[in-house]
Every structure is written in structure tokens, then in C-alpha cells.
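# A closer look at the structure
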Amino acid sequence: MSISTVGGPGYHIGVEEFEGFVAEAIGRIDLAGKSLCLIIPDDTRGCPMPRILRAVYQAVAGQAASISCVIALGTHEYMEPDEIALWTAGDPDADLGQVYPGMPIVNHLWKDPEQLVNVGHIDADRINELSGGRLNLGTDVLINKTVVDADVKIIVGPILPHEVVGISGGNKYFIPGCAAHELIDMTHWVGALITSAKMIGSPGITPVRAMINEGAALISGEKYCLAFVVKAYSDELESASFGSPEDAWAEQAKVTAQTHIEYVDEPFTNVIAEIPTRYHDIWTAAKGFYKTEPAVADGGETIIYAPHITTVSEAHPEIYQIGYHCRDYFVKQWETFKDVPWGVLAHSTHARGAGTYDPETGVENCRLKLTFATQISAEVCASINVGYRDPATIPALMDDPSFHVVTDAGEVLFRLSSERPES
């Protein structure tokens, strides 16, 4: 199928224009007599999901023999029914059976092995090749059963700079979005070995993207993607593409690289990353650090300011045992940490940033200071190797010229102008 695109950097796609685009693009698919699964992100992504999903639903209702919708959680915590209703219909009290008749909307139940299907195996030599020699370990590819069983799969999701894969979206909604945690752990750890600061915002097929594409290719059936870019700091759509997951992703990756990466001439001395409420815990709110780390001067402090957050992670309690450390802290003590879920190790390194560790002296030196200004106590912060500030003190600190304040932090990436790629 050829790719269809509307909009571009700085463009505003109106409601009617978007609905028309979706109807025309999806209308090219023969859905008659086929089962269809829509795959959408969870509510940690900033986008007008109700109007997007309604447009897609209108285009497929009455066309396919059956329709289901899976929330590609990866290993995020399961969404509650009221959260799903708010995310997909704009109202926590909405009756989704009336809003989307005949289309159940369900979580990817990544904790339940009975909800996963083995679609194939990638051997160790191939993983070694795809990862650039960073990992030499084979893996089965386990994918959500509802997704696998559907004749047609349509990914519906935004494209953004991402700490693990470079640019998010496309096949990433299959892996890690609808995969088992073992494969998620492998891809995340490869990203961590490269480091978030080097990976985030990288265009093209990164080693992690190559591993994801390899696994996604094992999923049978017709696969399509409605990829889109939401204007920074807004809920306005500026660009969208429909086609194969690879092609639609590639087209929109070029857009987000222009609209969601801000280049600054001088590094920030310190940063206050003001976290929006769509990030419910540090596991997701740490994006405020990932997206600013490359633009903060050595020795600077990044404050995760999120007075609504009460926990680091409910789904991944191991983070409380290992804390936050740079990559080399784990790599140089691998026998100690190799049995910790690699996705947890990756999250730790992504949120702690660049640094060094000397196994002879036991001294770790991180490039930046990481501080939480949340409802997580000073004692817990100390136990996981991060700083603490009382969130009540942060509004006054925002007037300090030595701090750069990033509002709605977590999606726009900041880099130094010296790192801007040549056009």
C-alpha cells in the first residue's frame, strides 16, 4: 500500500480534514469478513485520543466482521475502567459500549502469560547482528493474543523522540507495546548500553528499532499504521500518515525531528522539569529528565517537579532495591545485577544519565544531579540515590535565573545547537 500523508511541520489539521483523511486512507483496506484490532497508546502520551479514535472507529465500523482495541501498555501499570473511558472518550463516566458499539477496549495484559502468543524466535546471532554486537542472546517473540488473532492490525499513535529507540511509534506499538516483558527487557537494555543521551531523538533505524522491526515482522496478518505528530505543548494535530508501520513511522519521524527537538546555543545550568499529570509515577515522569539531559551543563541539577506523584513505580518494585545509577555502575558489577529485570536496569540508567563507576573504589560519579520534588519522601529518595526537594519550595525557585523551567515536560527534547544534524 502506498503511503498517505496530510499536514506537516507547523500545519494545523482541522477536525473535518482529519476525519476525511482517515476515512479515505482506511477506506483503501478491504475489511469485509475480517477481524480488526486497533492498537492505541496509554494515557501517558499527549494527544487528543478521543477525537482520533472516534475518527478511526467511524472509518471501520460496519466494515470489519469484528473490532477490538488494545491499549499498548508495554509494562506500564494497567489502566482502570474510568481511566480508559477518560482517555478514549473524554469522560471518565462514559459508557464505552455506547460510544464505540461492538468494540471492546482492553489493556495489554502483559502480566498474564495466557494472554500472550509465541509468534516466532530470533536467534542469538541475529540479535547480535541487529544490536551492533551489544547483545548475544536469542529470544522468543511473545505478543498479545488479541492482536495476533486479528486478521488486520492498525496502529494508531503519536510519534515522538524516545529514550530507548530514538524516535517512538510504528512497530514500537507491537514491541514493547503489546509484547512480553522478556523481549521488552532486551530491547531496553540495548538502548541503555547505547545510553539515552546518545539514543534519544536519533533518526533512522537504530539498533533497538532494528530489533523491534525484526520481531514485528513475525506477527502474521495485515499491518497498518496511522502515525501522527501533535504540535508541541498543545493537543493540535499537525501531521499524519497512513500506510505500513515502517513507512508511516518514517514519514512522521521526519516531522517530529523538526517540531519536537529544540536546539539551544548554551547549556542550561540547571533545569526544573514541570511534569504534567498524564505521568502518574516516576517510571513515566522520568521523561522530564531524558528530554533535558543532553542540554544541561556538567554538574547541573535536574529537578523532577511533580507534586501529584506519590510513587516511583507500582509495576516495577525492583527499582526500590537497586535505585538510580549510571550505566557503568551496573555493567561493571554485572554478576550482582544480571538477574534484575533488564528493563528496570535500563529505566534506572536512563533516569540517572551519564556517569562513571570505579569498581576498585566503589565510587560513582554522575554527570548531573537528579532531584525529585514529589510526594515521595526524602528518606525514600536517599535510599534510591536521588536528591529530594520539598515540592512546596519549587514555585519560588522558578524565579531563580540559574534554573531553566520546562513546562509540560516529557515530550519536547532539548539538545545543544552544536549537535544539530547537517541538513
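For the structure, check the block above.
Let me sum up the structure you'll find in this document.

Scoring rules and cut-offs
- Residues numbered from 1 in each chain as written.
- Predicted model: local features only at pLDDT ≥ 70, side-chain atom pairs only at ≥ 80, totals over all residues.
- Heavy atoms only, no water.
- 1 Å grid on protein atoms, 1.4 Å probe; cavity = no way out; pocket = protein on both sides within 12 Å on 5 of 7 lines; lining within 4 Å.
- Points joined across faces, edges and corners; volume = space filled by probe spheres on them.
- Helix = DSSP H or I, 4+ residues; strand = E, 2+ residues; numbered from the N terminus.
- Nonpolar A, V, L, I, M, F, W, Y, C, P; charged D, E, K, R; others polar.
- Buried < 20%, exposed > 50% of the residue type's maximum accessible area, 1.4 Å probe, protein only.
- Axes fitted to C-alpha atoms, helices over the stretch in contact; angles between N-to-C directions.
- Parallel < 35°, antiparallel > 145°, perpendicular 65-115°, else oblique.
- Left-handed = near helix turned anticlockwise from the far one by under 90°.
- Contact = heavy atoms within 4.5 Å.
- Pairing = 2+ DSSP bridges.
- Expected span 1.5 Å × (residues − 1).
- Arc of directions from axis to C-beta.
- Right-handed = clockwise from strand over helix to strand, strands pointing away.
- Salt bridge = Lys/Arg side-chain N within 4 Å of Asp/Glu carboxyl O.

### With respect to the layout of surface pockets
Sizing a probe to match a water molecule and rolling it over the atoms shows the empty space that remains. What the largest pocket holds in volume is close to 550 Å³. Those elements that place two or more of their residues in the lining of the largest pocket are helix H7 (181-194), helix H11 (282-285), helix H12 (287-290) and helix H16 (342-352). Partitioning the lining of the largest pocket into residue classes produces 15 nonpolar, 14 polar and seven charged.

### So, empty space enclosed by the protein
In this structure the tally under the stated criterion is one cavity of 30 Å³ or more. In this structure, the largest cavity encloses a volume near 70 Å³. Thr44, Arg45, Leu160, Pro161, His162, Ser168, Tyr279, Lys287, Lys291, Gly410 and Glu411 are the residues that line the largest cavity. Among the residues forming the lining of the largest cavity, the class breakdown is three nonpolar, four polar and four charged.

### Some details on the side chain of Thr284
By the secondary structure assignment, Thr284 is in helix H11. Thr284 sits in the buried class, given a relative accessible area of 5%.

### Thoughts on the packing of H7 against H16
For the pair H7 and H16, the least separation of the axes is 8 Å and the interaxial angle reads 30°. As judged from the angle between their axes, H7 and H16 are roughly parallel. As H7 runs across H16, the sense of the crossing is left-handed. Residue-level contacts link Asp185, Met186, His188, Trp189, Gly191 and Ala192 of H7 to Trp342, Gly343, Leu345, Ala346, Thr349 and His350 of H16. Grouping the constituent residues of the contact of H7 with H16 by class yields six nonpolar, five polar and one charged.

### Comments concerning the sheet that holds strand S19 (residues 403-406)
Ordered by their spatial adjacency, five strands build an open sheet running S18-S17-S14-S13-S19, and the pairing between neighbours is parallel. Edge positions in the open sheet fall to strand S18 (387-388) and S19, since each of these has one partner strand only. Sheet topology places strand S14 (residues 301-305) next to strand S17 (residues 369-373); five bridges connect them, and they run parallel. Bridged to Thr302 within S17 is Leu370.

### Let's talk about helix H1 (residues 15-26)
Taking 1.5 Å of rise per residue, the 12 residues of H1 would be expected to cover 16 Å, and the 16 Å separating its terminal C-alpha atoms lies within 8% of that figure. Within the span of H1, buried status applies to Phe18, Phe21, Val22, Ala25 and Ile26. Relative to the axis of H1, the buried residues are bounded by an arc of 110° and lie together on one face. Residues of H1 that are buried make contact with strand S1 (4-7), helix H2 (49-60), strand S7 (152-158), strand S10 (222-230) and strand S11 (237-243).

### Thoughts on the pairing of S17
Looking down a regular strand, the side chains alternate between one sheet face and the other. Burial analysis of S17 places four of its five residues in the buried class, the great majority of the element. Pairing between S17 and S18: two bridges, direction parallel. By the bridge assignment, Thr371 is partnered in S18 with Gly387. A crossover connection joins S17 to the parallel S18 through helix H17 (residues 378-383); in handedness this β-α-β unit is right-handed.

### Some details on the pattern of salt bridges
Tallied over the entire structure, the rule returns 14 salt bridges. Between Glu77 and Lys111 there is a salt bridge whose closest N-O contact spans 2.9 Å. Of this pair, Glu77 sits in the loop between strand S3 (66-71) and helix H3 (81-89) while Lys111 is found in the loop between strand S4 (105-107) and strand S5 (116-122), placing the two residues 34 residues apart along the sequence. The partly exposed category is assigned to Glu77, whose relative accessible area is 31%. Asp149 is paired through a salt bridge with Lys145; the nearest N and O atoms lie 2.8 Å apart. Pair noted here: Asp149 and Lys145 are both in helix H6 (residues 145-149), with a separation of four residues, about one helical turn.

### So, the sheet that holds S3
Strand order in this open sheet of seven strands is S1-S11-S10-S7-S2-S3-S4, and the pairing throughout is mixed. Because the sheet does not close on itself, it has two edges, and the strands there are S1 and S4. Taking each pair of neighbouring strands and ignoring which way they run, the sheet shows an average axis angle of 15°. One ladder, built from four bridges, connects S1 with S11; its direction is antiparallel. In the strand pairing of S11, Gly7 is matched with Ser239. H1 contacts S1, S7, S10 and S11 of the sheet and is inclined by roughly 5° relative to S11. Of the strands in this sheet, strand S2 (35-40), S3, S4, S7, S10 and S11 are in contact with H2, which crosses S2 at around 170°.

### Some words on the packing of H7 against helix H9 (residues 207-216)
As a packed pair, H7 and H9 sit with axes 9 Å apart at the nearest point and diverge in direction by 165°. Considering the angle they form, H7 stands roughly antiparallel to H9. With respect to the hand of their crossing, H7 and H9 are arranged in right-handed fashion. Of the residues in H9, those touching H7 at Met186, Thr187, Val190, Gly191 and Ile194 are Pro207, Val208, Met211 and Ile212. Of the residues contributing to the contact of H7 with H9, the split by class is seven nonpolar, two polar and no charged.

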